Amino acid sequence: MIHVVRYESPETWAEHVAARFASFLADEPAARVALPTGATPEPVYAGISEAVRAGIASFRRAHVFLLDEFGGVPPDAKGRCDVMLHRSLLDHVDLAPERYHRLDPEAEDLAAMCAAYDASMTPPLDMMVLGIGRNGHVGMNEPGTSPESATRRVELAPSTTQASVRYFGEGAALPTWGVTIGLSAILAARTIWILATGDSKADIVRDVLLEPVSTTRPASLLRGHPNCWLFLDAAAAAKLPVGVLSRG
Ligand code: PGA
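Okay, so let's go over this structure. Along each chain, the written sequence defines residue order, and numbers are assigned to residues from 1. Where local features are concerned, this predicted model is filtered to residues with pLDDT of at least 70; where side-chain atom pairs are given and counted, the filter is 80 or more; whole-chain, interface and lining totals use all residues. Values shown for side chains rest on all heavy atoms present in the structure; no hydrogens or waters enter the calculation.

Now for the overall build of the chain. Numbering goes from the N terminus for both helices and strands, where a helix is a DSSP run of H or I of at least four residues and a strand is a run of E of at least two. In terms of regular secondary structure, the chain is built from eight helices and 10 strands. Its C-alpha atoms give the chain a radius of gyration of 17 Å, near enough to 18 Å, the size a compact globule of 248 residues would have. Along the three orthogonal principal directions, the C-alpha set of the chain runs to about 50 × 40 × 40 Å. The buried share of the chain, reckoned over its 248 residues, is 54%. Taking the intrachain contacts of the chain between residues at least 6 apart in sequence as the baseline, contacts between residues at least 24 apart amount to 79%. Positive charges come from Lys and Arg, negative ones from Asp and Glu, while His and the chain ends are left out of the count. Charge positions are represented by NZ for Lys, CZ for Arg, CG for Asp and CD for Glu. Counting 22 positive and 29 negative side-chain charges, the chain places the centres of these two groups 4 Å from one another. Put simply, the radius of gyration uses C-alpha atoms, and a globule should come to 2.2 Å times the residue count raised to 0.38. The buried label goes to any residue with under 20% of its type's maximum accessible area, the exposed label to any with over 50%, and the partly exposed label to all in between, with areas taken from a 1.4 Å probe on protein chains only. In this analysis, two residues are considered to be in contact whenever any of their non-hydrogen atoms come within 4.5 Å of each other.

See the structure below:
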């Protein structure tokens, strides 16, 4: 079962999710967490950065794992996940570089890099923060992905390549593949948070929660996880019946 929490506006959503994360980190300062990039988490990361500046939370003892990364595009492209996570969070908080773990699509031996990444997520992560694609992907685990999937190279769905224009910019070369933490490590994490805002996510949010669990919508596989939370603003929750909401 996924606990669904709805906030009235994108602003209250970002404020509360950031405060929740800051208090998670204050309770578990040595937590090992995977973090997503993209448009959705940016206002949350601004709030977390603010909490760190204010001394309410600290990444000093934490470990951060990048959830996924685009391949076949320059490492310094503005849409690379590593670049986005630095811009929106890592450049503003007190995480030492050696406590940051990133996926390297340029690795000579990609399979070995992925296997080492999986090994570094043993024991399972304390917290897995995810966005959700309009096709139900989590990380770059596209429709059809097995729940047993490991960290690996993946081909992107054409709609994911197209959607990445909002990260890379008009006219830039867009990625057709990437590397991602697999569903196996996602499902093994102690706590999962899924973040979704805006009306473009309302249909997939409804389908993920109410249609049968299926690999055609990878996020629906998280319904079997014992501690999974979905944080929505009103627009993303607009197609849900009231009964599916949990108390925050
Ligand atoms: P977005 O991406 O936050 O930019 O909407 C989410 C995703 O595709 O996982």
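This part takes up helix 1 (residues 10-27). Its 18 residues place the ends of helix 1 26 Å apart at the C-alpha level, agreeing with the 26 Å of an ideal helix rising 1.5 Å per residue. Residues of helix 1 that are buried: Trp 13, Ala 14, Val 17, Ala 18, Phe 21, Ala 22, Phe 24 and Leu 25. Each buried residue of helix 1 lies within a common arc of 160 degrees when the element is viewed along its axis, so the set occupies one face. The exposed set on the far side of helix 1, more than 90 degrees from its buried face, consists of Glu 11, Glu 15 and Asp 27. Between the first and last residue of a helix there are one fewer steps than residues, each counted as 1.5 Å, and that sum is the expected span. Note that the arc is computed from the directions linking the helix axis to the C-beta atoms.

To continue, consider the site of the ligand. A single heavy atom is enough: if one lies within 4 Å of a molecule or strand, its residue is considered near that molecule or strand. Neighbouring the ligand are Gly 38, Ala 39, Thr 40, Gly 131, Ile 132, Gly 133, His 137, Arg 166, Tyr 167 and Lys 201. In protein, a polar contact means a hydrogen-donor-capable atom and an acceptor-capable atom, both N or O and within 3.5 Å, with residues adjacent in sequence counting only if both atoms are side-chain atoms; elsewhere, any N or O pair within 3.5 Å suffices. Residue Ala 39 places a main-chain N or O atom 2.9 Å away from an oxygen atom belonging to the ligand. One nitrogen or oxygen atom from the side chain of Thr 40 is found 2.5 Å from an oxygen atom belonging to the ligand. Residue composition of the shell around the ligand, by class: three nonpolar, five polar and two charged. Asp, Glu, Lys and Arg are counted as charged, while Ala, Val, Leu, Ile, Met, Phe, Trp, Tyr, Cys and Pro are counted as nonpolar; the rest, among them Gly, fall into the polar class.

Inspection of the secondary structure assignment puts Leu 221 in the loop between helix 8 (202-210) and strand 10 (228-233). Owing to a relative accessible area of 15%, Leu 221 belongs among the buried residues under this scheme. In this structure the C-alpha to C-alpha distance between Leu 221 and Leu 95, which are 126 residues apart in sequence, comes to 31 Å.

As a further point, take the sheet that holds strand 9 (residues 191-196). One open sheet holds the seven strands; their spatial order is 1-10-9-6-2-3-5, and the pairing between them is parallel. Two strands close off the open sheet at either side, each with one partner strand: strand 1 (2-7) and strand 5 (100-101). Where strand 9 lies against strand 10, five bridges are found, and the strand directions are parallel. Each bridged residue has a counterpart across the sheet, and for Ile 194 the counterpart in strand 10 is Leu 230. In the packing of helix 1 onto the sheet, contacts are made with strand 1, strand 2 (32-35), strand 6 (127-130), strand 9 and strand 10, and the angle to strand 10 comes to roughly 150 degrees. By this definition, two strands are paired if DSSP reports at least two bridges between them. Every angle, taken between N-to-C directions, lies between 0 and 180 degrees, and every axis is a line fitted to C-alpha atoms, over only the stretch in contact when it is a helix.

The geometry of helix 1 relative to helix 2 (residues 42-53) is characterised by a closest axis approach of 8 Å and an angle of 50 degrees between their N-to-C directions. By the angle between their directions, the pair helix 1 and helix 2 is classed as oblique. Considering only the axes of helix 1 and helix 2, their crossing is right-handed. Note on element contacts: helix 2 touches helix 1 through Pro 43, Val 44, Gly 47, Ile 48 and Ala 51, opposite Trp 13, Ala 14, Val 17, Ala 18, Phe 21 and Ala 22. Of the residues assigned to the contact of helix 1 with helix 2, the class counts are 10 nonpolar, one polar and no charged. Angle categories are assigned with fixed cut-offs, so that under 35 degrees is roughly parallel, over 145 is roughly antiparallel, 65 to 115 is roughly perpendicular, and the rest are oblique. Note: crossing handedness is left-handed where the near helix turns anticlockwise from the far helix by less than a right angle, and right-handed where it turns clockwise.

This part is about the sheet that holds strand 7 (residues 152-155). Taking strand neighbours across the sheet as the criterion, the three strands line up as 4-8-7 in an open arrangement whose pairing is antiparallel. In the strand order of this sheet, the two ends are held by strand 4 (68-71) and strand 7, each with one partner. Averaged over all pairs of adjacent strands, the angle between strand axes in this sheet comes to 30 degrees, irrespective of strand direction. One ladder, built from four bridges, connects strand 4 with strand 8 (residues 177-180); its direction is antiparallel. By the bridge assignment for strand 8, Gly 71 is matched with Trp 177.

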